[in-house]
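A closer look at the structure
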Amino acid sequence: MAETKGRIEAYHHPAAGWGALKYVAINLFKERVSGANYKSLLAQNQPDGFDCPGCAWPDREHASTFEFCENGVKAVAAESTSKRVTPAFFAQHTVSELLAQSDYALEQHGRLTHPMVYDPASDKYAPLAWDEAFKLIAGELNALDDPDQAAFYTSGRASNEAAFLYQLFVRAYGTNNFPDCSNMCHEATSRGLPGTVGVGKGTVTLDDFEHADTLLIFGQNPATNHPRMLGELRECARRGATIVSINPLRERGLERFASPQHPLEMLTMSSTPISSMFVQPRLGGDFALIKGVAKRVLEMDDRAVLIGVRRVLDVDFINDHTDGFSEFARDLRAEKWALLVAESGVSRTQIEALADVFMRGERVIATWGMGLTQHKHSVPTIQMLSNLMMMRGQIGRQGSGLCPVRGHSNVQGDRTMGIEERPAGAFLDRIRHVFGFEPPREHGYDVVASIAAMEQGKVKVFVGLGGNFAMATPDTPRTFKALQSCALTVHIATKLNRSHLIHGRKALILPTLGRTEIDEQNGVAQGVTVEDSMSMVHISFGLNKPASPALLSEIAIVSRMAEATLGARHQLKWQAYRDNYALIRDDIEKVFDDFYDYNARVAKPGGFHLKVASREREWSTASGKAQFVPHQVAIDTPIRRARAKHGERLLVMMTTRSHDQYNTTIYALDDRYRGVFGMRRVIFINQQDIDMLGMKDGDWVDVRSVWDDGVERRADGFMLVAYDIPRGCIGAYYPETNPLVPLDSVADGAGTPTSKSIPVLLTPAVAP
Ligand SMILES: Nc1nc2c(c(=O)[nH]1)N[C@H]1C(S)=C(S)[C@@H](COP(=O)(O)OP(=O)(O)OC[C@H]3O[C@@H](n4cnc5c(=O)[nH]c(N)nc54)[C@H](O)[C@@H]3O)O[C@H]1N2
Ligand SMILES: Nc1nc2c(c(=O)[nH]1)N[C@H]1C(S)=C(S)[C@@H](COP(=O)(O)OP(=O)(O)OC[C@H]3O[C@@H](n4cnc5c(=O)[nH]c(N)nc54)[C@H](O)[C@@H]3O)O[C@H]1N2
Ligand SMILES: [Mo]
């Protein structure tokens, strides 16, 4: 990739609009989607079509109108490509040769077609029969001294059925080692919310967006990552709702939006302003900011009491539904404004202005993404946001609530199905009751713990159900070594990626059907189900011809792996499950009460809403009430320690997504709304910080992280791009910057790598 040929050019058009359409056309052409597969683009998120593999944002009724989404089209085009990675391809390239290619190049080779096994003699992957592959896996798994020496990763595209069978197999085998992509994603949400509202899921549905008058968007870039959410925001803005973007980066995509759904807007080149207000905290400053808003709300309530006007707090909600308010209020009163201002990087005037917007709102939705979840203090931050919303009863009523916006299209469903390294006792009891075996009780490894366990030789077999573990995880060189120390690595995948090349002593690549493809078992088309970010469960049927006749579905792969490994040990109905996926749903229903009449309810267009207790104002907490949880501003943090040592030259780095990538999959080299074209090795930085470094916009730097374990972590060769971002904060793209994230730098209580707050130093480098 000729990165130096890139250019930086401010983006002046609305998000989406013609730019998106033009891009999509180019992309389809490039992917060489064959004629028959074009029709699949019109079928995404249709009642009789497939669930879009793009993201977890829900669809309006999951029916009728074709919702045009650039992100979805790119995801579908990438899966529907006519390019193939065949045994002949592997015969032509050694693994070492392939390792020298970029992630972008690896993705461009196309779809995997045959099961492959690594041959150390030739350093190449060679084809093998499916049966041989399952025998090999079974042999290695059964040779381990302890089932806890294997780890089973899940990426968030696996369907409910595949995920359920996978956890059933792994628990029958004997471990809870379930690292999954949500450990790196919304784990802080899943661990934080149960402590306040009882359930680790959002409390809103799309319908609430029609009634909200105020939306607070924390740490999210929907123009790129959830384009269909932008459509909802556009409607909210048109109704006159106030939309606030809380983000260190002033994301251009949140300024204006032209909807491809509205031809008139496109023809007249007009657009709808999205955000009415931008608040730019420093990285990780949200905790102090939200606490400041809460403090102001309390102060205004005190004043209301004093002068005898309507209370600002929702006193009825607090009395009837919550616990712990007085202690929380005491802590807020004692908190120093100076500390909140200094920590958030937001002036007191602006904190008060944000509080005014919040208090004026009768129906407020707070949404958040990775900007809140990938910090050391993510769990307290999310709990503080929950506290704030509870102060005004903004949970569990129409038009208001908590809205974590998930990433992968079924990441929420996978957790619901039991992809969980810390399973609840009651769930395990059910598994025992329904399936007649005793599942393991000890908690297993999450992503970070799995890598550490591989390093220490405690995990020897790694199986990945989708994803790109080697590139998605932190501390890249260290993670590579950990994976390479495994006896066996297995990847169930649609496309070639670097994880397949960073392999154990033995290694398998098992190609699988994507969600866009027809999945026939015994001549009957099978559907799979998924749960979106708002707990809607629906069915998905593929429409395209499979990329290769040799592909197996994820369900077939998991069930055959289980049969081969467990043998006669467990009499589970693997064969029946893979012959008819409805039988899997019947058994899911036996384990989870909320899935009653599963098959009947997903047969209805749009599927069904899975009950979220907190939305109904039922609180599944220890006290049976929603809980206010006070938290202090953290004083002794790695970033503060690093800054004490290095002064203002110490910068805090976030790693984020460009417009043309899907996590570790790089579709192209542009980041249109941020004005970056043809390159990815850039650092967004405040002009005053460039001056402070004695450098110029466009200069090149190397990056080194500051951590206290004496290990050098670096990523070299990035171009400085002056940007609207607070001083002391910089941004760059993932996965290029993952080598900078120390493995043991994780969110307290969630274990999420702190990918949005890495202390770093920049040093001048020569332009490549
Ligand atoms: N096209 C596309 N779509 C995707 C994905 C993709 O890679 N490409 N990935 C999918 C997945 S798995 C996920 S999880 C989602 C991710 O979607 P997002 O949550 O939008 O993820 P990021 O791109 O990492 O961007 C996070 C945003 O947080 C801001 N931010 C960073 N640090 C802070 C902070 O400390 N405070 C605040 N307030 N903001 C901060 C950044 O400026 C950025 O705007 O998208 C999903 N959809
Ligand atoms: N520094 C930094 N690191 C991060 C993040 C960050 O913001 N910053 N974000 C984190 C987040 S939010 C996430 S979710 C993770 C993502 O981590 P992962 O989910 O592991 O990564 P992806 O890039 O989404 O995985 C892409 C691969 O999945 C496979 N695939 C695609 N579709 C299918 C399918 O239908 N079935 C199967 N079996 N395989 C399929 C393809 O082979 C493709 O190469 O990365 C995390 N890592
Ligand atoms: Mo994610």
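As the structure is a computational prediction, the values presented were derived from the model and not from experiment. (Residues numbered from 1 in each chain as written. Chains lettered and ligands numbered in written order. Predicted model: local features only at pLDDT ≥ 70, side-chain atom pairs only at ≥ 80, totals over all residues. Heavy atoms only, no water.)

1. A look at the site of ligand 2
As a matter of local geometry, ligand 2 sits amid 30 residues, with Y153, S155, A472, E554 and T664 nearest to it. Within the side chain of R657, one N or O atom sits 3.1 Å away from a nitrogen atom of ligand 2. A distance of 3.1 Å is found between an oxygen atom of ligand 2 and a side-chain nitrogen or oxygen belonging to K756. Against a free-state accessible area of 930 Å², the protein chains account for coverage of 96% of ligand 2. Considered class by class, the residues forming the shell around ligand 2 number 10 nonpolar, 15 polar and five charged. Shared between two domains, the shell around ligand 2 takes at least three residues from each, and those domains are domain 2 (84-181 + 416-596) and domain 4 (638-765). (Near = heavy atom within 4 Å. Polar contact = N/O pair within 3.5 Å; in protein donor to acceptor, adjacent residues only side chain to side chain. Areas by Shrake-Rupley, 256 points an atom, 1.4 Å probe, with all protein chains shown as cover. Nonpolar A, V, L, I, M, F, W, Y, C, P; charged D, E, K, R; others polar. Domains from an automatic or database assignment.)

2. A closer look at a nonpolar patch on the surface
Where nonpolar side chains cluster on the molecular surface, the patch consists of L306, I307 and V309 and spans about 330 Å² of accessible area. Position of L306 relative to the elements: it lies in helix α14 (residues 286-307). (Patch = residues over 30% accessible without salt bridge, like charges linked within 9 Å, V, L, I, M, F, W, Y side chains within 5 Å. Salt bridge = Lys/Arg side-chain N within 4 Å of Asp/Glu carboxyl O. Helix = DSSP H or I, 4+ residues; strand = E, 2+ residues; numbered from the N terminus.)

3. Section: the sheet that holds strand β9 (residues 242-246)
Strand order in the open sheet formed by five strands is β12-β9-β8-β14-β15, and the pairing between neighbours is parallel. Two strands in the sheet have a free side with no partner beyond their single neighbour: β12 (277-279) and β15 (401-404). Ignoring strand direction, the axes of neighbouring strands in this sheet form an average angle of 20°. Both strand β8 (residues 214-218) and β9 contribute to a ladder of five bridges, which runs parallel. Bridging from a neighbouring strand, I217 pairs with S245 of β9. Along the sheet face, helix α12 (residues 227-238) touches β8, β9 and β14 (364-368) and points at about 145° away from the line of β8. Each of β8, β14 and β15 is contacted by helix α20 (residues 378-391), which is oriented at about 175° to β14, the strand it contacts most. (Pairing = 2+ DSSP bridges. Axes fitted to C-alpha atoms, helices over the stretch in contact; angles between N-to-C directions. Contact = heavy atoms within 4.5 Å.)

4. So, the site of ligand 1
By nearness alone, 30 residues border ligand 1, and N247, E251, D286, Q661 and N663 come closest of all. Take N71: an N or O atom from its side chain is 2.9 Å from a nitrogen atom of ligand 1. Interatomic distance of 2.7 Å between a side-chain N/O atom of N247 and an oxygen atom of ligand 1. Protein contacts shield 99% of the accessible area of ligand 1, which totals 920 Å² for the unbound molecule. The set of elements that each furnish at least two residues to the shell around ligand 1 consists of α11 (222-225), α19 (370-373), β25 (651-656) and β26 (661-662). Taken together, the residues of the shell around ligand 1 break down into nine nonpolar, 17 polar and four charged. The residues that make up the shell around ligand 1 include at least three from each of domain 3 (189-405) and domain 4 (638-765).

5. Comments concerning the domain arrangement of the protein chain
If you check the domain split of the protein chain, you get domain 1 (3-80), domain 2 (84-181 + 416-596), domain 3 (189-405) and domain 4 (638-765). Placing a centre on the C-alpha atoms of domain 3 and another on those of domain 4 gives a separation of 26 Å. Of the residues lining the interface, 26 residues belong to domain 3; the matching set on domain 4 comes to 28 residues. Roughly 2,200 Å² of surface becomes buried between domain 3 and domain 4 when both sides are summed, with 57% attributable to carbon and sulfur atoms. Counting the contacts that link domain 3 with domain 4 gives three salt bridges. Measuring nitrogen to oxygen at the nearest pair gives 2.3 Å for the salt bridge that ties E343 to R640. Applying the counting rule to domain 3 against domain 4 returns nine residue pairs in polar contact (both at pLDDT 80 or more). (Buried area = accessible area lost by both parts, 1.4 Å probe.)

6. Re the sheet that holds strand β11 (residues 272-273)
Hydrogen bonds between backbone groups are what pair the strands of a sheet, and the pairing can be parallel or antiparallel. Taken together, three strands build an open sheet; the order of strands is β2-β10-β11 and the sheet is mixed. The open sheet terminates on both sides in strands that have one partner only, identified here as β2 (15-16) and β11. With two bridges connecting them, strand β10 (residues 256-258) and β11 associate as antiparallel partners. Bridge pairing links R256 to P273 in β11.

7. Some remarks on the pairing of strand β30 (residues 700-705)
Summarising burial for β30: five of the six residues are buried, a large majority. As defined by bridge partners, β30 adjoins strand β31 (residues 714-722) across four bridges and the pair is classed as antiparallel. In the sheet register, R704 faces β31, and the bridge partner there is R714. Two elements, β30 and strand β33 (residues 758-765), share six bridges in a ladder whose sense is antiparallel. Bridge pairing in β33 places R704 opposite L761. (Buried < 20%, exposed > 50% of the residue type's maximum accessible area, 1.4 Å probe, protein only.)

8. A look at the packing of aromatic side chains
Inspection of the entire model under this criterion finds 26 aromatic pairs. Consider the rings of F152 and Y166, whose centres lie 6.1 Å apart with planes at 80°: the pair is edge-to-face. Of this pair, F152 sits in strand β7 (residues 150-154) while Y166 sits in helix α8 (residues 160-173), and the two are 14 residues apart along the sequence. By relative accessible area, F152 is classed as buried at 0%. (Phe/Tyr/Trp six-rings, centres within 6.5 Å; stacked < 30°, edge-to-face > 60°.)

9. Digging into the side chain of R657
On the secondary structure map, R657 appears in the loop between β25 and β26. One polar contact links R657 to N663, side chain to side chain, over a distance of 3.0 Å.

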